[in-house]
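# Report on the structure
These are the residues of each chain, in order.
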Amino acid sequence: PELERTLKVLMYAPGTKDSESLMISILQSLDISYLSSAVNSEMDARGWHLLPMISPTHSKSTDTHQSSVNNATDLTSSSLGDKLADALERTRTLLANKREKYNNNESVLFLGMDSPEIPIEEVIHGLQISSSRQSSSQQHDKLEVINGKAHLCPANDGGYGLLSVPIHAPCSIFSGVRWSNHLTAVSQLKAITDAGVSVSLGKFMFDIDEPEDVHLLAERLTAMKETKCDPCERND
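What counts, and at which threshold
- Residues numbered from 1 in each chain as written.
- Predicted model: local features only at pLDDT ≥ 70, side-chain atom pairs only at ≥ 80, totals over all residues.
- Heavy atoms only, no water.
- pLDDT = per-residue confidence, 0-100.
- Contact = heavy atoms within 4.5 Å.
- Salt bridge = Lys/Arg side-chain N within 4 Å of Asp/Glu carboxyl O.
- Helix = DSSP H or I, 4+ residues; strand = E, 2+ residues; numbered from the N terminus.
- Buried < 20%, exposed > 50% of the residue type's maximum accessible area, 1.4 Å probe, protein only.
- Core = buried A, V, L, I, M, F, W, Y, C linked by side-chain atoms within 4.5 Å.
- Pairing = 2+ DSSP bridges.
- Axes fitted to C-alpha atoms, helices over the stretch in contact; angles between N-to-C directions.
- Lys, Arg positive; Asp, Glu negative; His and termini not counted.
- Polar contact = N/O pair within 3.5 Å; in protein donor to acceptor, adjacent residues only side chain to side chain.
- Phe/Tyr/Trp six-rings, centres within 6.5 Å; stacked < 30°, edge-to-face > 60°.
- Lys NZ or Arg CZ within 6 Å of the ring centre and 35° of its normal.
- Patch = residues over 30% accessible without salt bridge, like charges linked within 9 Å, V, L, I, M, F, W, Y side chains within 5 Å.
- Areas by Shrake-Rupley, 256 points an atom, 1.4 Å probe, with all protein chains shown as cover.

Let us look at the confidence of the model for the chain. For the chain, per-residue confidence averages 78 on the pLDDT scale, and residues scoring 70 or more make up 72% of the total. Ignoring residues within four places in sequence, the model shows residues 58–73, a span with pLDDT below 50, making 22 contacts including any to other chains.

Take the pattern of salt bridges next. Evaluated as defined, the whole model comprises five salt bridges. As a salt-bridge pair, Asp 86 and Arg 90 come within 3.0 Å of each other at their nearest N and O atoms. With a gap of four residues between them, Asp 86 and Arg 90 both fall in helix α3 (residues 80–97), about one helical turn apart. A relative accessible area of 5% means that Asp 86 is categorised as buried. The partner of Lys 190 in a salt bridge is Asp 194, with the nearest N and O atoms 2.6 Å apart. In this pair, Lys 190 and Asp 194 both sit in helix α5 (residues 184–194), four residues apart, roughly one turn of the helix. Here Lys 190 matches Asp 194 in class, with each residue exposed.

With that out of the way, let us pick up the nonpolar core. Counting residues in hydrophobic clusters, the biggest one holds 23 residues, and the most contacted among them are Leu 88, Phe 110, Leu 163, Val 165, Ile 173 and Phe 174. The leading source of residues in this core is α3, at six residues. Among the nonpolar cores identified, the runner-up in size contains seven residues, and Ile 118, Val 123, Ala 155 and Met 205 belong to it.

Spatially, β4-β8-β7-β9 is the arrangement adopted by the four strands of the open sheet, whose pairing is mixed. Lying at the two open borders of the sheet, with one neighbouring strand each, are β4 (107–111) and β9 (199–201). Averaged over all neighbouring strand pairs, the angle between strand axes comes to 15 degrees, with direction disregarded. Pairing analysis gives three bridges linking strand β7 (residues 150–154) to β9, with the strands arranged parallel. Counted as the bridge partner of Leu 152 is Leu 201 from β9. Relative to strand β8 (residues 160–166), α5 is tilted by about 5 degrees, and along the sheet it contacts β7, β8 and β9.

Moving on, we get to the side chain of Asp 207. With respect to the element layout, Asp 207 can be found in the loop between β9 and α6 (211–227). Arg 220 is the oppositely charged side chain nearest to the buried, salt-bridge-free Asp 207, at an N-O distance of 8.7 Å. A distance of 2.8 Å separates polar atoms of two side chains, one belonging to Asp 207 and the other to Ser 115. Dropping the residues within four chain positions of it, Asp 207 is found in contact with Asp 114, Ser 115, Ala 155, Asn 156, Asp 157 and Asp 213.

This paragraph deals with the packing of aromatic side chains. Tallied over the full model, the rule gives two aromatic pairs. Between Phe 204 and Phe 206 the ring centres are 5.5 Å apart and the planes differ by 90 degrees, which places this aromatic pair in the edge-to-face class. By relative accessible area, Phe 204 is classed as partly exposed at 45%. Phe 206 gets classed as partly exposed once you look at its relative accessible area, which sits at 28%. One residue, Arg 220, lies across the ring of Phe 206, its end atom 4.0 Å from the ring centre.

A few words now on a nonpolar patch on the surface. Side chains of Leu 22, Ile 26, Leu 30 and Ile 32 sit close together on the surface and give an oily, nonpolar patch of about 340 Å² of accessible area. Structurally, the position occupied by Leu 22 is in helix α1 (residues 17–29). Taking relative accessible area as the criterion, Leu 22 reaches 49% and is therefore assigned partly exposed.

This part covers the sheet that holds strand β2 (residues 34–35). Here we have three strands laid out as an open sheet, ordered β1-β3-β2, and parallel in their pairing. Both outer strands of the open sheet, β1 (8–12) and β2, are each paired with one neighbouring strand and no more. Relative to strand β3 (residues 48–52), β2 runs parallel, the two being bridged by two bridges. Its bridge partner lying in β3, Tyr 34 is registered against Trp 48. α3 rests against β1 and β3 of the sheet, and its axis sits at about 145 degrees to β1.

With that out of the way, let us pick up unusual backbone geometry. A cis amide bond links Ala 13 to the next residue, Pro 14, at an omega of -5 degrees. In this structure, Asp 31 is a non-glycine residue whose phi angle is positive, near 55 degrees. Topologically, Asp 31 is positioned in the loop between α1 and β2. Relative accessible area serves as the criterion here: at 73%, Asp 31 is assigned to the exposed category.

What follows is the structure, given as structure tokens:
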């Protein structure tokens, strides 16, 4: 229920029609509603909005248009920071288009597709902690606005599986991050604080990158089934 009015965006790479078709087939097999990038229907929170990982006109490079196309389709591209910054901007645009349904205190949460064990409680916690909210001040007997902060869940390989940020966080929070590195999470934390945004740490996550990771995932899921508990469940 807490996520019913949350705008959900699924960004796919490479940004091709074949990739979009694959994502649609997966959502259909799971009986999940969606809105394709080719559909100009009203934006709402009832289904997932499918968008390519980077917009066709987005490129930090001064090179030709081909550079932008390469960023959108090359899975080996190191421009993940540009892609995430672009995703943040486009999500802000989607929310602005539905301002009558969404308040001005939204947060944006990124989930890694390689961290399937992230519990829904952590998602809700991230969205809440990154939202601005009103708090009653007993000293001055009035309401004051408490700005949201970023929330990051580090992963076992040095990266991170979840990142939530306030809706108005600057795109510079993705600048200078050392991607695909054992210091990815650390450098992401530094980029966030350098941009003037405070940050908290969440639950430890497990990435699924290598075949051995799948075997370890199966072992954790088996143990979870036997004990009937969530290995990543929040205890706070």
